[in-house]
Amino acid sequence: MSYRTYQKRTAVLASAAALAGSAVLMAAPAARADVVDVNYQCKTPIGDKSAVSPIDIKSVKSGSGYRLTMTFEKGVSSSPVELGKGAMNPSAVIKLGGADSGTVAVKGPANPDAIPANTPIKITDLTGTYTPKGSGKVTFTAGVLTIKALGTTTTCTPGNSPKPSLTLTVAASGGGGSTGGSGTTGSAQDAPAGGEDLPQTGPEDSAIALGTLGGTVLLAGAAGVLWLSRRHQARG
């Protein structure tokens, strides 16, 4: 075998090993998101009302924490009178579970358009910042929704014990999360957006296994290249 052919074969082996290792490592999941139907039981100034809205909670890494966005796919509650533009201000809490506890406060802008009387109130996207206090798998579940409009307050509580809308595998930051007396962590202040987490497609153990496999493939490829180099030198 000529030296030029040997060089090409060595380069191909090294590239294949690197690509295989990278592909396996990239497949390691970090988050899982689900759209969950939440049956809100609302206490309004004119009586009790209920409505089911699919809730989606997404996360974007931001520094040592995560920017959370809570989206309501359907309106909840209603008003007997029209709510003019900017008359309604929503906020909510997201309950933490798993490796962390407490709640994260989220809030959104006032309604951008007028809401006709006796129609479901469309909630704008609610955002807040979560800073991990511990390491592990953390769940995020829709909590109490609060709607303030025209000097009144409507409180909507999930009545169907909804499952988590988001699961994240997190690592505690150096300084820990900000914790209030009621167990609240994070804030409803907007944070700069970072890279969004990829949906999780399997359990946490599979992520560790995939990462180990990627490193093994990469090391095996490098060992093969080294063996070829020594064999070529011995022949020379």
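Further up the page is the structure itself.
Rules used throughout
Residues numbered from 1 in each chain as written. Predicted model: local features only at pLDDT ≥ 70, side-chain atom pairs only at ≥ 80, totals over all residues. Heavy atoms only, no water. Helix = DSSP H or I, 4+ residues; strand = E, 2+ residues; numbered from the N terminus. Contact = heavy atoms within 4.5 Å. Areas by Shrake-Rupley, 256 points an atom, 1.4 Å probe, with all protein chains shown as cover. Disulfide = S-S within 2.5 Å. Buried < 20%, exposed > 50% of the residue type's maximum accessible area, 1.4 Å probe, protein only. Phe/Tyr/Trp six-rings, centres within 6.5 Å; stacked < 30°, edge-to-face > 60°. Lys NZ or Arg CZ within 6 Å of the ring centre and 35° of its normal.

Student: Looking at this model, I keep getting lost on the overall build of the chain. Mind explaining?
Tutor: Check the secondary structure of the chain and you find 2 helices and 10 strands. Its helices and strands in sequence order give the chain the pattern α-β-β-β-β-β-β-β-β-β-β-α, from N to C terminus. In the chain, of all internal contacts separated by at least 6 residues, the share reaching a separation of at least 24 is 74%. By element, 57% of the accessible surface of the chain is carried by carbon and sulfur atoms, the whole surface being about 12300 Å².

Student: Can you walk me through the state of the cysteines in this structure?
Tutor: Each disulfide is one covalent bond, formed between the sulfur atoms of two cysteines. A full pass over the atoms with the stated rule returns 1 disulfide. A sulfur-sulfur separation of 2.1 Å characterises the disulfide bridge that pairs Cys42 with Cys156. Between Cys42 and Cys156 the disulfide shows an S-S torsion of about 110°. By sign, it is right-handed. Here Cys42 is found in strand S2 (residues 36-44), whereas its partner Cys156 is found in strand S9 (residues 152-158), with 114 residues between them in sequence. As far as the burial class goes, Cys42 and Cys156 line up, both buried.

Student: I'm lost on the packing of aromatic side chains in this one. Help?
Tutor: Any pair of aromatic rings gets described here by the distance separating the centres and the angle formed by the planes. Per the stated rule, a full pass over the model turns up 3 aromatic pairs. Here Tyr130 and Phe140 contribute two aromatic rings whose centre-to-centre distance is 5.1 Å and whose plane-to-plane angle is 85°, an arrangement assigned as edge-to-face. A residue pair is termed long-range when its members are at least 10 positions apart, and Tyr130 in strand S7 (residues 126-130) and Phe140 in strand S8 (residues 136-149) qualify at 10 residues. Of the residues examined, Tyr130 reaches a relative accessible area of 0% and is grouped as buried. Put simply, the rings of Tyr66, Tyr130 and Phe140 pair up and form one aromatic cluster. Lying across the ring of Tyr66, Lys61 places its NZ or CZ 5.1 Å from the centre.

These figures come from the coordinates and say nothing about function on their own.
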